[in-house]
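Here is how the chains run, residue by residue.
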Amino acid sequence: ASVHEGKKPFKCETCYASFAQKSQLNRHIASVHEGKKPFKCETCYASFAQKSQLNSHIASVHEGKKPFKCNTCGASFFHKKDLKRHVDSVHEGKKPYQCNICDSFFSLKANLNLHIRAVHEEDKPFKCNVCDAGFTHKQVLSHHVASVHEGRKPFSCNICSASFARKHHMSG
């Protein structure tokens, strides 16, 4: 009943995210806080908790399938919900989640929680073994190691053949 009523009684004690079902909470804890993401992309080494997330990643990032296009700026998205989130936050300025410490605003509650942990609590539990840099998520640490210490740059410009560690670094 809680799924259809919008109730989310299962709370994560680490980041305070809430879920309608206990199985969702357990999956969240395993992937976000315990770093269990067994589905790996063979192109850029990103990892995911679910096979469907890996498939979406491959289709949108590496195959360029993004059928939902923003009428305002032309940005395109693989999921319709991501287009809606984009329009709400970028074009309509909706950022309903406010930090009660520094008054920063966020479009997603998860980003507010991440901000509080990283900025105000300085909680960066994932440490780099090479340079001791700290990160809030294991996946960000993995990207750091791959690009900074291993020199991996899986995204290439099709005009000049320059390569980049992250796709968004190609624009500009």
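Everything numeric in this text was worked out from a predicted model, so none of it was measured.

**Description of the overall build of the chain**
Stage number 1. A tally of regular secondary structure across the chain gives six helices and twelve strands.
Stage number 2. Here the C-alpha coordinates of the chain stretch approximately 50 × 45 × 35 Å along the principal axes.
Stage number 3. Taken across its 172 residues, the chain has 26% of its residues classed as buried.
Stage number 4. A fraction of 11% describes how many contacts in the chain between residues 6 or more apart in sequence connect residues 24 or more apart.

**What about unusual backbone geometry?**
Stage number 1. Phi at Asp103 is positive, roughly 65°, even though this residue is not glycine.
Stage number 2. As for its position among the elements, Asp103 is in the loop between β7 (97-98) and β8 (105-106).
Stage number 3. Using a relative accessible area of 49% as the deciding quantity, one classes Asp103 as partly exposed.
Stage number 4. With a phi close to 45°, Glu122 is a non-glycine residue in the positive phi region.

**Overview of the nonpolar core**
Nonpolar side chains in soluble globular proteins generally cluster together in the buried interior.
Stage number 1. In this structure, Cys41, Cys44, Ala46, Phe48, Leu54 and Phe155 together form the largest nonpolar core, which totals six residues.
Stage number 2. Apart from the residues lying within four places of it in its own chain, the contact partners of Phe48 are Lys37, Pro38, Phe39, Gln53, Leu54 and His57.
Stage number 3. Core analysis: the second largest hydrophobic core is formed by five residues, Cys15, Ala17, Phe19 and Leu25 among them.

**A closer look at the confidence of the model for the chain**
Stage number 1. Overall, the prediction assigns the chain a mean pLDDT of 86, with 97% of residues at 70 or greater.
Stage number 2. The spread of mean pLDDT over the elements of the chain runs between helix α1 (residues 2-5), the lowest at 61, and strand β5 (residues 68-69), the highest at 94.

**What to know about the environment of Ala165**
Stage number 1. Tracing the chain through its elements places Ala165 in the segment after β12 (163-164).
Stage number 2. In this structure the C-alpha to C-alpha distance between Ala165 and Cys44, which are 121 residues apart in sequence, comes to 8.7 Å.
Stage number 3. If near-sequence neighbours (up to four positions away) are discounted, Ala165 is found in contact with Ser147, Arg152, Lys153, Pro154 and Phe155.

**Quick word on helix α4 (residues 80-91)**
Stage number 1. Compared with an ideal rise of 1.5 Å per residue, which puts twelve residues at 16 Å, α4 spans 16 Å between its outermost C-alpha atoms and is within 8% of the ideal.
Stage number 2. One or two steps after α4, the chain reaches Gly93, where phi turns positive at roughly 65°.

The rules behind these values
- In every chain, residue numbers begin from 1 and rise along the written sequence.
- Side-chain atom pairs in this predicted model are given and counted only at pLDDT of 80 or more, local residue features only at pLDDT of at least 70, and totals for whole chains, interfaces and linings cover all residues.
- Side-chain measures were taken over the full set of non-hydrogen atoms in the model, leaving aside hydrogen atoms and water.
- Numbering of helices and strands runs from the N terminus, with a helix taken as a DSSP run of H or I at least four residues long and a strand as a DSSP run of E at least two residues long.
- When a residue's accessible area, from a 1.4 Å probe over protein chains only, is under 20% of the maximum for its type it is buried; when over 50% it is exposed; and in between it is partly exposed.
- Residues count as neighbours in contact if any of their non-hydrogen atoms are within 4.5 Å of one another.
- Throughout, nonpolar core names a set of buried Ala, Val, Leu, Ile, Met, Phe, Trp, Tyr and Cys residues whose side chains join them through atoms within 4.5 Å.
- The quantity called pLDDT is the predictor's confidence in a given residue, expressed from 0 to 100.
- To estimate how far a helix should extend, the number of its residues minus one is multiplied by 1.5 Å.

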